[in-house]
Amino acid sequence: MDKQDGRSVGEPGALRLEDPWYDALASGWGERDDAAETTDVWGGTQPPPPVPEPQSAPHDEVYLAVQRSEAFQEVRRRYRRFVLPGTVVFLGWYLAYVIAATAAPDLMAHRVAGALNIAMLAGLGQFATTFLLTWAYARHARLRRDSAALDIRWETQELTGGNIR
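The sections below set out a description of the structure shown in this document.

Conventions used here
- Residues numbered from 1 in each chain as written.
- Predicted model: local features only at pLDDT ≥ 70, side-chain atom pairs only at ≥ 80, totals over all residues.
- Heavy atoms only, no water.
- Helix = DSSP H or I, 4+ residues; strand = E, 2+ residues; numbered from the N terminus.
- Buried < 20%, exposed > 50% of the residue type's maximum accessible area, 1.4 Å probe, protein only.
- Contact = heavy atoms within 4.5 Å.
- Areas by Shrake-Rupley, 256 points an atom, 1.4 Å probe, with all protein chains shown as cover.
- Arc of directions from axis to C-beta.
- Axes fitted to C-alpha atoms, helices over the stretch in contact; angles between N-to-C directions.
- Parallel < 35°, antiparallel > 145°, perpendicular 65-115°, else oblique.
- Left-handed = near helix turned anticlockwise from the far one by under 90°.
- Nonpolar A, V, L, I, M, F, W, Y, C, P; charged D, E, K, R; others polar.

1. Overview of the overall build of the chain
Scanning the chain from N- to C-terminus turns up 4 helices and 6 strands. Tracing the chain from N to C terminus, the helices and strands come up as β-β-β-β-α-α-α-β-β-α. Out of the 165 residues in the chain, the part that is buried amounts to 12%. Considering only residue pairs separated by 6 or more positions, the chain has 54% of its internal contacts joining residues 24 or more positions apart. As displayed, the chain has an accessible area near 13,200 Å², and 62% of this comes from carbon and sulfur atoms.

2. Some points on helix 1 (residues 59–68)
Of the positions making up helix 1, those classed as buried are His-59, Val-62 and Val-66. Down the axis of helix 1, the sector holding all buried residues measures 70°, keeping them to one side. Facing away from the buried side of helix 1 by more than 90 degrees, the exposed set consists of Glu-61 and Arg-68. Residues of helix 1 that are buried in the fold lie against helix 2 (70–103) and helix 4 (118–160).

3. Notes on the environment of Thr-129
Looking at the element boundaries, Thr-129 is found in helix 4. Overall, Thr-129 belongs to the partly exposed group, its relative accessible area being 24%. Spatially, the C-alpha atoms of Thr-129 and Tyr-94 are 9.8 Å apart, while their sequence positions differ by 35 residues. Residues within four places of Thr-129 in sequence aside, it is in contact with Phe-90 and Trp-93.

4. Details of the packing of helix 1 against helix 4
When two helices pack together, their arrangement is given by the angle between the helix axes and by the axis-to-axis distance. Put simply, helix 1 and helix 4 touch, their axes get as near as 10 Å, and they point 155° apart. Comparing the axis directions of helix 1 and helix 4 gives the class roughly antiparallel. Between helix 1 and helix 4 lies a crossing of right-handed hand. Facing His-59, Val-62, Tyr-63 and Val-66 of helix 1, the residues of helix 4 in contact are Ile-152, Thr-156, Leu-159 and Thr-160. Along the lines of polarity and charge, the residues of the contact of helix 1 with helix 4 split into 5 nonpolar, 3 polar and no charged.

On their own, these measurements won't tell you what the molecule is for.
So, in structure tokens, the structure goes:
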């Protein structure tokens, strides 16, 4: 696998196997060979100025402090207060459907209207419940957690200097 997209490994712009997030534009594809240099007022070239490293706190300390903060704990509490009961209710509803289908086939085969029986209505109810729970989760997250989580994220970014590990 030494050739990919028609270029050998040593050529400029060739894919590197150790880079799983290869981005063609970020690697220089489509740019001139001297694009990394800038032209000064007299027509000469000079290398671009170095980018200073922002001063930041150590990541581990920042993230542990955020995890211990009351705001983060409140976001987690709100998440658990919605997700745990929702999961228990939905799992109970699903298991009741499966148990009823196996333990009470006569009840599930009872016709409601035409070819529509209780099992089909309960199966469609499973789909409806899934969409309803997804909508309720998204609404709960938007109204009760997203703004607080975004505030925590901005504070964390400020404390770490915007650096990502």
